[in-house]
Amino acid sequence: MAALYSTPLVSFLRDDPSKLLGILTEGLAKEEFDTTRLTAFSWLDEIADLQNALHKVVAARPASGSWHLFLEYIIPIIRQRVDCVLIAEDLIYVIEYKAGETSTARSALKQAQEYALNLADFHEESRGRIIVPIALGTFKHPIPLDVLSLPHRGSACAASHLPESIAAAQQAWAGRQNQIDPAKWNASRYFPVPTIIE
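Residues numbered from 1 in each chain as written. Predicted model: local features only at pLDDT ≥ 70, side-chain atom pairs only at ≥ 80, totals over all residues. Heavy atoms only, no water.

Novice: Explain the nonpolar core to me, and be specific about the residues and the numbers.
Specialist: Of all hydrophobic cores here, the largest spans 38 residues; its most connected members are F12, L50, L54, L69, Y93, L136 and L162. For this core, the element with the highest residue contribution is helix 3 (residues 37-60), accounting for seven residues. Residue contacts for L54: discarding those within four places in its chain leaves L9, F12, L13, L69, L86, L162 and I166. Counting residues in each nonpolar core, the second largest holds 16 residues, with F70, V82, A116 and W185 among its members. (Core = buried A, V, L, I, M, F, W, Y, C linked by side-chain atoms within 4.5 Å. Buried < 20%, exposed > 50% of the residue type's maximum accessible area, 1.4 Å probe, protein only. Helix = DSSP H or I, 4+ residues; strand = E, 2+ residues; numbered from the N terminus. Contact = heavy atoms within 4.5 Å.)

Spelled out as structure tokens, the structure:
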């Protein structure tokens, strides 16, 4: 199942948040998901924070403008939605956004980690890829990205620190594999790995 919004990163940075809100709201209605006023406000906050943070990424690394961003990627079967997926050459960032102070860093990161694991296990184009889960929010006790650890442990940080996490991850893990084709990734088959079937 494809994401509700898909575009090169540089195009996302130019898009009007109100336009994006309309695309997401219409897309969820077609997929028979309920939306509320709170959901809409959360999206606007998320879009603004992502645009601000990713502007800094592109400013520091102009080539990243060709990376690809997906919003509201719907995971088949379980019908859960990943807030944001960023395809950065050969890396995949699974970004979960938490508005306000309702979640702890650990619980928010756990959700992002579960989405990342789900993609690694069941999403054909994500298999064997380095997937970095990142939770964004206002956390009392952020969890920094540890590049000496495994990528799938990820980080939980404020949106303003997202550029630092991405820069560190790119330096530590990028360039090990062939680049990911965003169109193929978005249209990928989704099914259990053979060992689970057996």
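Novice: Would you mind going over the side chain of S126 in detail, with residue names and values included?
Specialist: Of note, S126 is situated in the loop between helix 4 (105-122) and strand 5 (130-136). At 2.8 Å, the side chain of S126 forms a polar contact with the side chain of H123. Among all residues touching S126, those that are not within four sequence positions of it are I92, L119, A120, I131 and W185. (Polar contact = N/O pair within 3.5 Å; in protein donor to acceptor, adjacent residues only side chain to side chain.)

Novice: Account for the environment of V132, with residues named and values stated.
Specialist: Within the secondary structure, V132 is located in strand 5. The class of V132 is buried, set by a relative accessible area of 0%. A C-alpha to C-alpha distance of 5.3 Å links V132 and P151, two positions 19 residues apart in sequence. Excluding residues that lie within four positions of it along the chain, V132 makes contacts with I92, Y93, V94, L145, P151, G154 and W173.

Novice: Residue-level account of the pairing of strand 2 (residues 68-75), with values.
Specialist: With eight of eight residues buried, strand 2 is to be regarded as a mostly interior element. In this sheet, strand 2 lies alongside strand 1 (residues 3-8) in antiparallel orientation, the contact comprising five bridges. Counterpart to Y5 in the pairing with strand 2 is L71. Pairing of strand 2 with strand 3 (residues 80-88) involves seven bridges; the strand directions are antiparallel. (Pairing = 2+ DSSP bridges.)

Novice: So, the environment of L119: which residues are in play, and what are the values?
Specialist: Following the sequence through the fold, L119 ends up in helix 4. Measuring from C-alpha to C-alpha, the distance between L119 and V94 comes to 9.4 Å, with 25 residues separating the pair along the chain. Apart from residues lying up to four places away in sequence, L119 is in contact with Y73, V94, S126, I131 and W185.

Novice: Any chance you could break down the pattern of salt bridges for me, citing the residues and the numbers?
Specialist: This structure, assessed with the given rule, holds four salt bridges. Between E72 and R81 there is a salt bridge, with the nearest N and O atoms lying 2.5 Å from each other. By relative accessible area, R81 is classed as partly exposed at 22%. The partner of R189 in a salt bridge is E124, and the shortest N-O contact between them spans 2.8 Å. Within this pair, whereas R189 is found in the loop between helix 6 (182-186) and helix 7 (194-197), its partner E124 is found in the loop between helix 4 and strand 5, the two being separated by 65 residues in sequence. What makes E124 partly exposed here is its relative accessible area of 28%. (Salt bridge = Lys/Arg side-chain N within 4 Å of Asp/Glu carboxyl O.)

Novice: Requested: an account of the side chain of K98, with residues and values cited.
Specialist: Within the secondary structure, K98 sits in the loop between strand 4 (91-97) and helix 4. Take K98: its relative accessible area is 18%, and that puts it in the buried class. Within the structure, K98 has its side chain in polar contact with the side chain of Q111 (distance 2.6 Å). Not counting the four nearest positions on each side in its chain, K98 is found in contact with S103, A108, Q111, L136, G137 and T138.

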